[in-house]
Amino acid sequence: MGDWSRPLREVLTDAAEQLLTAHLPPAVAAEFVRLAGELDQPCTLAVVGRVNAGKSTFVNALLGSELSKVGCTETTATVTCFRYGQPLDPARPVRCHRRSGRVTDESPAFLAGLQENDPEALRRAEDVTRLEFLLPHPFLRDVTLIDTPGTAAVVQEHQTRTDEFFGFRKPLAERNEALTDDTARTADAVVYLVGEIARATDEAFLTEFGRASATGGARAMNAAGVLAKVDRDPAILARRHALAEKIAGQLRDGLNTIVPVSAGVQRALDRLLADGGGGLNRLAAAAGRIPAACWDQFLASEELFRDLERPDCPVAPAEREELLADLPWTVFTTIVRELLACGYDPARAAPRLEEVAGFRQLKEVLDRHFFRRSRFLRAWGAVGRARTLLNRLRRESLAAAEDHAHRERDRWERFRAFLRSAGGDRAVAAELEGYVGDGLGGVSVGRTRKLLDALERKLADVSRDLEHHGADFEQLEVLDAHPAAFTGAEADELRALLGQHGLEPEQRVPAGRLEFGHLAGRQRYWLDAATLGREAVRRSVADRAAARYGLLLEARPRPAAG
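Residues numbered from 1 in each chain as written. Predicted model: local features only at pLDDT ≥ 70, side-chain atom pairs only at ≥ 80, totals over all residues. Heavy atoms only, no water.

Colleague: Would you mind showing me how to read the layout of surface pockets here?
Modeller: Empty space among the atoms becomes visible once a probe the size of a water molecule is rolled across them. By volume, the second largest pocket amounts to about 700 Å³. Lining the second largest pocket are 23 residues, and of these Asn 256, Thr 257, Arg 368, His 369 and Val 478 sit closest to its centre. For the lining of the second largest pocket, the elements supplying multiple residues, two or more each, are helix 10 (240–250), strand 9 (258–260), helix 18 (359–371) and helix 21 (445–481). Per-class residue counts for the lining of the second largest pocket are 9 nonpolar, 7 polar and 7 charged. (1 Å grid on protein atoms, 1.4 Å probe; cavity = no way out; pocket = protein on both sides within 12 Å on 5 of 7 lines; lining within 4 Å. Points joined across faces, edges and corners; volume = space filled by probe spheres on them. Helix = DSSP H or I, 4+ residues; strand = E, 2+ residues; numbered from the N terminus. Nonpolar A, V, L, I, M, F, W, Y, C, P; charged D, E, K, R; others polar.)

Set out below in structure tokens:
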């Protein structure tokens, strides 16, 4: 869709100039300049969830083999950013930002050393503020992916751990939780990930997603949910789509969708399908040698699969151990069950396993909602941060200025009373009153308040426009998914109207048809379609079309009466 950065850039740069003129803190004006300069940068997409929810495995599966070489694990010690590009030194792909401001390029071994649970590793991690990877992954051209440490970190006591360990671990956990919360609030878009929970019920998942998305004040415009680790519970795996749809329906204001995935299955498939699928072929052949009656018992327990001797099983425990290799047990059983259901045919099982992994659907969701809208989301995030800055100015600088002005008025009243009581030449006293008053006047608080109010209105207008553009985009997606609900002429009109060809009024409506009467007529047409349409899809898109025609009508002069 279109470019939302130009009008916003003008508002931000103009705001910076006016704030400096009003003698407000230069740092705030500089922040507005920075926001304007970053509008053309990739938007930031943060992955947020509880500690051990599977965030790092999820990122690993999303980005693929490039990331697996650097070994990201569940004990990520700090915020980790993935940007598009090539590292200067392939042997040192980890860019480490430290508290001192020093930046160094490190090896994968350095990253692995941060992920150990001992006092020395925690001492090293405490000095790190951010890790960065440059990866030539197509997803990262428009989006910078951020893996957060996680929320609700729990330090569990163990008698072999030392006081020194706790002295580092608890403050680091608290810092990482604060980093996660801050990243969720400031990212342009967020994926909220929920893994295993204590009670795998619908209500428990709903509560957990609600709690997770509340971290950053999620809105459906820029937030999606991921139901992770679906392979861990066969009951959840069997009804994952219905569960995700139910939760998404009840959290529609905070999350635009929820996708069920298994990062573990995806990572296993990445390996098994490499080199022409040889790994899956070998697993299918070995699994086919084990009788179905044995599988009924083996799949019930990892211990039985590894150790149980059965005279009717030609595959010995040692060979079964090799078959399992380093696959997580629930990932292994999920793959084997699909192979069994497909008669050990890897060609039939592979697409079924890809569907279980869920990453193809997830990538389609991310592409539609985040990657194609990266400039839009960047602008949306910048508006939010700019309005936060104005609110801070109102709370801090304006309040301080009002206190200062009040004290100055008190001083002026004391000086004026003194001058009037001193006697002498009245003309000189009046001139002196004016001179003292000029020296104490300073910047008008009223003018500053009006300036902040005016800037807030401009940003609110841009925010309103972005919300409307976001709603247009969502209905374009519905239109593309259900073309049969509209005639060819209607679809052509809707695509232009909803901004597919550009955001200017002249690009939304055919040439010469921007007059009030034509717009009003088309709005009535789509209002009728929204009211009388039989299909929910048609009513939804028609309602948005009527709203967009209403916005165009607001900007057109009404014809003269008579």
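Colleague: Whenever I open this one, the pattern of salt bridges confuses me. Can you help?
Modeller: If charged atoms from side chains of opposite charge come close, those side chains can pair. Within the structure shown, the criterion is met by 35 salt bridges. The salt bridge partner of Arg 83 is Glu 132, with a shortest N-O separation of 3.2 Å. Placement of Arg 83 in strand 2 (residues 79–84) and of Glu 132 in strand 5 (residues 128–135) is noted, with a sequence separation of 49 residues between them. With a closest N to O distance of 2.7 Å, Arg 522 and Glu 493 form a salt bridge. A residue pair is termed long-range when its members are at least 10 positions apart, and Arg 522 in helix 24 (residues 516–532) and Glu 493 in helix 22 (residues 488–497) qualify at 29 residues. (Salt bridge = Lys/Arg side-chain N within 4 Å of Asp/Glu carboxyl O.)

Colleague: Looking at this model, I keep getting lost on the packing of helix 1 (residues 5–21) against helix 21. Mind explaining?
Modeller: Two quantities define a packed helix pair, namely the angle between the axes and the distance from one axis to the other. Orientation of helix 1 relative to helix 21, taken along the N-to-C sense of each, is 170 degrees, at an axis distance of 11 Å. Viewed along their axes, helix 1 and helix 21 adopt a mutual orientation that is roughly antiparallel. Here Leu 8, Val 11, Leu 12, Asp 14, Ala 15, Gln 18 and Leu 19 of helix 1 come into contact with helix 21, specifically with Leu 451, Leu 452, Leu 455, Lys 458, Leu 459 and Val 462. Considered class by class, the residues forming the contact of helix 1 with helix 21 number 10 nonpolar, 1 polar and 2 charged. (Axes fitted to C-alpha atoms, helices over the stretch in contact; angles between N-to-C directions. Parallel < 35°, antiparallel > 145°, perpendicular 65-115°, else oblique. Contact = heavy atoms within 4.5 Å.)

Colleague: Teacher, can you tell me more about helix 2 (residues 26–37) here?
Modeller: Residue pairs three or four apart in sequence face the same way in an α-helix, which turns once every 3.6 residues. The terminal C-alpha atoms of helix 2 lie 17 Å apart, and with 12 residues this matches the ideal 16 Å at 1.5 Å per residue to within 8%. Among all positions of helix 2, only Val 28, Ala 29, Phe 32, Leu 35 and Ala 36 are buried. Mapping the buried residues of helix 2 onto a view down its axis gives an arc of 115 degrees, with all of them on the same face. Opposite the packed face of helix 2, turned more than 90 degrees from it, sit the exposed residues Pro 26, Ala 27 and Gly 37. (Expected span 1.5 Å × (residues − 1). Buried < 20%, exposed > 50% of the residue type's maximum accessible area, 1.4 Å probe, protein only. Arc of directions from axis to C-beta.)

Colleague: Can you walk me through the packing of helix 1 against helix 2 in this structure?
Modeller: Where helix 1 meets helix 2, the axes come as close as 8 Å, and the angle between the chain directions of the two elements is 165 degrees. Between helix 1 and helix 2, the interaxial angle falls into the category roughly antiparallel. In this structure, helix 1 crosses over helix 2, and the sense of that crossing is left-handed. In contact with Arg 9, Leu 12, Thr 13, Ala 15, Ala 16, Leu 19 and Leu 20 of helix 1, helix 2 contributes Pro 26, Val 28, Ala 29, Phe 32, Val 33, Leu 35 and Ala 36. When the residues that make up the contact of helix 1 with helix 2 are grouped by side-chain class, the tally is 12 nonpolar, 1 polar and 1 charged. (Left-handed = near helix turned anticlockwise from the far one by under 90°.)

Colleague: Hey, could you run me through the nonpolar core in this one?
Modeller: Generally speaking, soluble globular proteins have nonpolar side chains that are buried together. Counting residues in each nonpolar core, the largest one holds 103 residues, and the members touching the most others are Leu 19, Phe 32, Phe 58 and Phe 332. Once residues within four sequence positions are removed from consideration, Phe 32 is found in contact with Leu 12, Ala 15, Ala 16, Leu 19, Ala 386, Leu 389, Leu 390 and Leu 459. The next biggest cluster of nonpolar side chains, apart from the first, holds 27 residues, and it includes Ala 187, Val 190, Leu 227 and Leu 251. (Core = buried A, V, L, I, M, F, W, Y, C linked by side-chain atoms within 4.5 Å.)

Colleague: Any chance you could explain the pairing of strand 8 (residues 223–227) here in plain terms?
Modeller: Successive residues of a regular strand alternate their side chains across the two faces of the sheet. Judged by how many residues are buried, strand 8 sits mostly within the fold: 5 of 5 residues are covered. Residues Ala 223, Gly 225 and Leu 227 line one face of strand 8 and the alternating positions Ala 224 and Val 226 line the opposite face, and both faces are buried. Bridge analysis of strand 7 (residues 189–194) against strand 8 gives 5 bridges, and the strand direction is parallel. Each bridged residue has a counterpart across the sheet, and for Val 191 the counterpart in strand 8 is Ala 224. (Pairing = 2+ DSSP bridges.)

Colleague: What exactly am I supposed to notice about the side chain of Arg 267 here?
Modeller: Tracing the chain through its elements places Arg 267 in helix 11 (residues 263–272). Classification of Arg 267 as buried rests on a relative accessible area of 11%. Within the structure, the side chain of Arg 267 is placed 2.5 Å from the side chain of Asp 270, a separation counted as a polar contact. (Polar contact = N/O pair within 3.5 Å; in protein donor to acceptor, adjacent residues only side chain to side chain.)

Colleague: Hey, could you run me through unusual backbone geometry in this one?
Modeller: The bulk of non-glycine residues show a negative phi, and the bulk of peptide bonds are trans. The phi dihedral of Ala 325 falls on the positive side, at around 50 degrees, and the residue is not glycine. Within the secondary structure, Ala 325 is located in the loop between helix 15 (317–324) and helix 16 (329–341). Despite not being glycine, Tyr 344 has its phi angle at roughly 65 degrees, a positive value. Mapped onto the fold, Tyr 344 is located in the loop between helix 16 and helix 17 (346–357). According to the relative accessible area criterion, Tyr 344 is partly exposed, its value standing at 24%.

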